[in-house]
Amino acid sequence: MRKPMMIANWKMNKTRDEALSFIYAVNEVLPSLDKVGTVVCAPAIVLRDLVKRQGDNLRIGAENMHYEESGAFTGEISPSMLTTTGVEYVIIGHSERRAYYNETDEAINKKLHAAIKHGLKPILCIGETLEQREQGVTHDVLEGQLTKDLAGLTAENMENVIIAYEPIWAIGTGKTASPEDANEACGFVRNVVKSLFNAAVAEETIVLYGGSMKPANVDALLAQSDIDGGLVGGASLEAESFLKLVNACLK
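Rules behind the numbers
- Residues numbered from 1 in each chain as written.
- Predicted model: local features only at pLDDT ≥ 70, side-chain atom pairs only at ≥ 80, totals over all residues.
- Heavy atoms only, no water.
- Core = buried A, V, L, I, M, F, W, Y, C linked by side-chain atoms within 4.5 Å.
- Buried < 20%, exposed > 50% of the residue type's maximum accessible area, 1.4 Å probe, protein only.
- Helix = DSSP H or I, 4+ residues; strand = E, 2+ residues; numbered from the N terminus.
- Contact = heavy atoms within 4.5 Å.
- Expected span 1.5 Å × (residues − 1).
- 1 Å grid on protein atoms, 1.4 Å probe; cavity = no way out; pocket = protein on both sides within 12 Å on 5 of 7 lines; lining within 4 Å.
- Points joined across faces, edges and corners; volume = space filled by probe spheres on them.
- Nonpolar A, V, L, I, M, F, W, Y, C, P; charged D, E, K, R; others polar.
- Axes fitted to C-alpha atoms, helices over the stretch in contact; angles between N-to-C directions.
- Parallel < 35°, antiparallel > 145°, perpendicular 65-115°, else oblique.
- Phe/Tyr/Trp six-rings, centres within 6.5 Å; stacked < 30°, edge-to-face > 60°.
- Lys NZ or Arg CZ within 6 Å of the ring centre and 35° of its normal.
- Pairing = 2+ DSSP bridges.
- Right-handed = clockwise from strand over helix to strand, strands pointing away.

## Points about the nonpolar core
Of all hydrophobic cores here, the largest spans 68 residues; its most connected members are M6, V40, L50, L150, Y209 and M213. Per-element accounting of this core gives the leading share, seven residues, to helix α8 (residues 179-196). Setting aside anything within four residues of it in sequence, one finds V40 in contact with A8, W10, F22, L58, R59, I60, G61 and F242. In terms of nonpolar packing, the next biggest core, distinct from the first, is built from 13 residues, I7, C41, Y89 and I162 among them.

## A closer look at helix α5 (residues 105-117)
Taking 1.5 Å per residue, 13 residues should reach 18 Å; α5 reaches 18 Å between its end C-alpha atoms and fits that length. When we look at burial in α5, the residues that qualify are D105, A107, I108, N109, K111, L112, A114 and A115. Tucked into the core, α5 has its buried residues touching α3 (79-85), β4 (89-92), α4 (95-100), β5 (121-126) and α7 (138-149). Of the residues trailing α5, G119 is marked for its positive phi of about 80°.

## A few points about empty space enclosed by the protein
Unfilled space is identified by rolling a water-sized probe across the atoms. In total, this model carries one cavity of 30 Å³ or more according to the counting rule given. Empty space within the largest cavity amounts to approximately 30 Å³. Together, G93, S95, R98, C125, I126, G127, Q145, E166 and I168 line the largest cavity. Counting residues per element, the ones that place at least two in the lining of the largest cavity are α4 and β5. Here the lining of the largest cavity is built from residues that sort into three nonpolar, four polar and two charged.

## Details of unusual backbone geometry
If you check the backbone angles, K11 has positive phi at about 60° while not being a glycine. Along the polypeptide, K11 turns up in the loop between β1 (5-9) and α1 (16-26). For K11, a relative accessible area of 22% puts it in the partly exposed group. For N102, which is not glycine, the phi dihedral falls at a positive 55°. Note that N102 resides in the loop between α4 and α5.

## Comments concerning the packing of α5 against α7
Running from N to C, α5 and α7 point in directions that differ by 45°, and their axes come no closer than 8 Å. With respect to each other, α5 and α7 are oriented oblique. In contact with D105, E106, I108, N109 and L112 of α5, α7 contributes Q145, K148 and D149.

## Brief notes about the packing of aromatic side chains
All told, the structure shown has four aromatic pairs when counted by the stated rule. On the numbers, 5.9 Å between centres and 45° between planes, the contact of F22 with F242 is tilted. Of this pair, F22 sits in helix α1 while F242 sits in helix α11 (residues 239-248); the two residues are 220 residues apart in sequence, bridging distant segments of the chain. For the pair shown, F22 and F242 are each scored as buried. A ring pair is formed by Y100 and Y101, whose centres lie 6.5 Å apart and whose planes are at 75°; its orientation type is edge-to-face. Residue classification places Y100 among the exposed positions, given a relative accessible area of 62%. These aromatic residues form a ring-pair network of at least three members: W10, F22 and F242. The ring of W10 is capped by K14, whose NZ or CZ atom sits 5.2 Å from the centre of that ring. In this structure, R97 packs its charged tip against the face of Y101, placed 4.2 Å from the ring centre.

## Side note on the pairing of β1
For a regular strand, the rule is simple: side chains alternate between the two faces of the sheet. Along β1, five of the five residues are buried, which leaves the element largely enclosed by surrounding structure. Residues M5, I7 and N9 line one face of β1 and the alternating positions M6 and A8 line the opposite face, and both faces are buried. One ladder, built from five bridges, connects β1 with strand β2 (residues 37-42); its direction is parallel. Across the sheet, the residue bridging to M6 is T38, located in β2. Read from β1 through α1 to β2, the crossover connection turns out right-handed. The sheet contact formed by β1 and strand β8 (residues 229-232) spans four bridges and is parallel. The residue bridging I7 from the neighbouring strand is L231, located in β8.

## Quick look at the layout of surface pockets
Taken as a whole, the largest pocket spans an internal volume of roughly 570 Å³. In terms of lining, the largest pocket is formed by 20 residues, of which the most central are K11, E63, N64, R97 and Y101. Class assignment for the residues of the lining of the largest pocket results in 10 nonpolar, five polar and five charged. Lining the second largest pocket are 23 residues; nearest its centre among them are M5, E159, N160, E204 and I206. Contributing elements (two or more residues each) for the lining of the second largest pocket: β2 and α9 (199-204). Considering only residue class, the lining of the second largest pocket consists of 12 nonpolar, four polar and seven charged.

So, to be careful, I would describe these as geometric facts and stop short of saying anything about function.
The structure is reproduced here in structure tokens:
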């Protein structure tokens, strides 16, 4: 059975002191990892500090990584740098990386392979723009991204891959897909995974929704059949807000 997950994506937010204050505020009150997979993906500069202080029911993830093991890639972070830091998860292919840093599906595919090779659990982000949605090509976009991003992965590899459907038009805008629309898209993602691998893989793959999820709408979103949790930006920056999202997974 799929376990619900709530993953924070802090993006370029929080100093070291702010990050530690957050961790201390949530550590002792998070539900068991057996019930909810709770992850905080934070800027690289604070990862080691957070790993050292994570409670029994919290795991730490990175927001990005390079696919090469080492080399002349100024400012980048390799998979082994993350694993030796104690990080367990890594976000791959966030729309902001695709849009602002020109990440291609080919590069994202390499990152997925590198993450899996090094024992990291990748959180693959996919999603359409508002223009694409209005043109009625959402399914084409999602299928194209999944087909290219997951190329060469095996059914066994997929055991540790999490997919986050994030409609780009809903990220940081305050706009949210209706629960029904979000569920339809997540269900379509699951069907694409089924076509690429098999029904068992599709049934076990965790599919999250991202895009202005917050305490006011989390219950309606999580009540849907194919939404297994959330990848949350702004609403994850305050401990009280994030705890409400995590606890919503228990309902």
